[in-house]
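# Chains, contacts and geometry: an overview
Now for the letters of each chain:
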Amino acid sequence: MEKIETLFSWLDHTAEIIEESQDEPYLDCLAHAMEILFHREVSNIDDELTIKKIEKRLENIDLNDFQQKDIRKAVQMAILKGMKDNIQQQHLITPEAVALFIGYLANKFTAKQETLTVFDPACGTANLLTTVLSQLNKSVTAYGSDVDPTLMRLSVANANLQKLEIEFFQQDSLRPLLLAPVDLVVSDLPVGYYPDDVNASRFVLKAKEGHSYAHHLFIEQSLTYTKEKGFLIFLIPNFLFTSDQADQLRTYLKEHAHIYGLLQLPESIFKAKENAKSILVLQKRGQDTLTPKQPLLVQLPSFKNEKAMADIIGQINAWFSKYL
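As the structure is a computational prediction, the values presented were derived from the model and not from experiment.

## Notes on the packing of helix H1 (residues 2-22) against helix H4 (residues 68-83)
Packed helices, taken two at a time, are described by the angle their axes make and the gap between the axes. At their nearest, the axes of H1 and H4 sit 8 Å apart, and the two run at 40 degrees to each other. When the interaxial angle is binned, H1 and H4 end up oblique. Between H1 and H4 lies a crossing of right-handed hand. For the pair H1 and H4, contact is made by Lys3, Ile4, Glu5, Leu7, Phe8, Leu11, Asp12 and Glu16 and by Asp70, Ile71, Lys73, Ala74, Val75, Met77, Ala78 and Lys81, respectively. Residues belonging to the contact of H1 with H4 are distributed by class as follows: nine nonpolar, no polar and seven charged.

Given below as structure tokens:
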């Protein structure tokens, strides 16, 4: 924790110095501070006093003193501080415990593959993507996409500090991507309506009337950019299969994917019951793919209950041994 606190304090204080000088939002200043730390050079600041302050701070920090997980957690803490008063759903960060659990599942579902291509079409600050990559013990090529320029800047700086090679696209991920189909998709799906009805009209899962659900379109887009037999691990709202367009989604999934797992997360980690989420695991249909005899259906206990979590992990590992 001492290492994490040290790095968080450096990032936070440096971001505040930039904020005073540049009069920009904290998250943009945090991205700037991360870039300065990575390149070890103060750029894009005109004020000499501010430059000298940051250069002095650079003398007292060395990235080589920190492990990858320390860097990831320190960056998370700083981003969470910046998002504290931000209520936009797309600016929320995937909780660390959930990201780690998705990484565990990703490792299990791709255990037989020596190399892997991974994509997050709604990568945000890349917290989920970098956490998953840290657990994949194989050669990985990774991609992330997001429309928000501030989040994209944070993503790139986050990956750089962790020394992770990720190719990012700053664009509306529901438009065509210059990306070959991948082996694995992981994503914390944006929940809500997609405002571009013209672009939505290209999708099978477009709404019959009014705006389409962005989370439905992201599932379809993700399947489009997944190889046959590839896996997709989504963080979904618990109402996904009970909403007014759920029948349309179920029909689509039955035709294009196999449901391999549905794991309900503990409600205690969400601020409100209506924000509760689950993990959905799909496999894209292929020539010789089969629906699993027994999908992985789990009600997860609190992540703080170590004994209950150990029991559940034992049951999940047994399921993998038997059915995958």
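## Side note on the environment of Pro149
Here Pro149 is to be found in helix H7 (residues 149-161). Using a relative accessible area of 48% as the deciding quantity, one classes Pro149 as partly exposed. Distance in space between the C-alpha atoms of Pro149 and Asn64 is 28 Å, their sequence separation being 85 residues.

## Quick look at the packing of helix H2 (residues 26-39) against H7
Where H2 meets H7, the closest approach of the two axes is 9 Å, and the angle between their N-to-C directions is 25 degrees. Taken together, the axes of H2 and H7 are roughly parallel relative to one another. The handedness of the crossing between H2 and H7 comes out as left-handed. Touching Leu27, Asp28, Leu30, Ala31, His32, Met34, Glu35, Leu37 and Phe38 of H2 are Thr150, Arg153, Leu154, Ala157, Asn158, Asn160 and Leu161, all from H7. Looking at side-chain class alone, the contact of H2 with H7 contains nine nonpolar, four polar and three charged residues.

## Remarks on the layout of surface pockets
Each pocket or cavity is described by its volume, and for the second largest pocket that value is around 470 Å³. Residue lining of the second largest pocket: 20 residues in total, with Lys112, Phe231, Tyr260, Gln283 and Leu324 positioned closest to the centre. For the lining of the second largest pocket, the secondary structure elements donating two or more residues are helix H5 (96-109), strand S7 (226-237) and helix H11 (306-323). Ranked by residues supplied to the lining of the second largest pocket, first place goes to H11 with three residues. Broken down by class, the residue content of the lining of the second largest pocket amounts to nine nonpolar, five polar and six charged.

## Focus on empty space enclosed by the protein
Inspection of the entire model under this criterion finds one cavity of 30 Å³ or more. Taken as a whole, the largest cavity encloses approximately 30 Å³ of empty space. Lining the largest cavity, in full, are Arg72, Val75, Gln76, Ile79, Ile93, Thr125, Asn127 and Asn158. Ranked by residue count, the leading element in the lining of the largest cavity is H4, at four residues.

## What about the side chain of Gln162?
As for its placement among the helices and strands, Gln162 is situated in the loop between H7 and strand S3 (166-170). Gln162 gets classed as buried once you look at its relative accessible area, which sits at 3%. When neighbours within four sequence positions are excluded, Gln162 is seen to be in contact with Gln68, Ile71, Arg72 and Thr130.

## As for helix H10 (residues 246-256)
Restricting attention to buried positions, one finds in H10 the residues Ala246, Leu249, Tyr252 and Leu253. Buried residues of H10, viewed axially, fall in a sector of 125 degrees; they line one side. Exposed and facing more than 90 degrees away from the buried side of H10 are Asp247, Thr251, Lys254 and Glu255.

## Observations regarding the pattern of salt bridges
Applying the stated criterion to the full structure yields 12 salt bridges. For Lys307, the salt bridge identified is with Asp311, shortest N-O distance 3.4 Å. In this pair, Lys307 and Asp311 are both assigned in helix H11, four residues apart and thus about one turn of the helix distant. Classification of Lys307 by relative accessible area gives exposed; the value is 61%. In this structure Asp311 comes out as partly exposed when scored by relative accessible area, which is 40%. Each of the salt bridges in this network shares a partner with another, and the network as a whole consists of Asp12, Glu16 and Lys81.

Calculation criteria
Residues numbered from 1 in each chain as written. Predicted model: local features only at pLDDT ≥ 70, side-chain atom pairs only at ≥ 80, totals over all residues. Heavy atoms only, no water. Axes fitted to C-alpha atoms, helices over the stretch in contact; angles between N-to-C directions. Helix = DSSP H or I, 4+ residues; strand = E, 2+ residues; numbered from the N terminus. Parallel < 35°, antiparallel > 145°, perpendicular 65-115°, else oblique. Left-handed = near helix turned anticlockwise from the far one by under 90°. Contact = heavy atoms within 4.5 Å. Nonpolar A, V, L, I, M, F, W, Y, C, P; charged D, E, K, R; others polar. Buried < 20%, exposed > 50% of the residue type's maximum accessible area, 1.4 Å probe, protein only. 1 Å grid on protein atoms, 1.4 Å probe; cavity = no way out; pocket = protein on both sides within 12 Å on 5 of 7 lines; lining within 4 Å. Points joined across faces, edges and corners; volume = space filled by probe spheres on them. Arc of directions from axis to C-beta. Salt bridge = Lys/Arg side-chain N within 4 Å of Asp/Glu carboxyl O.

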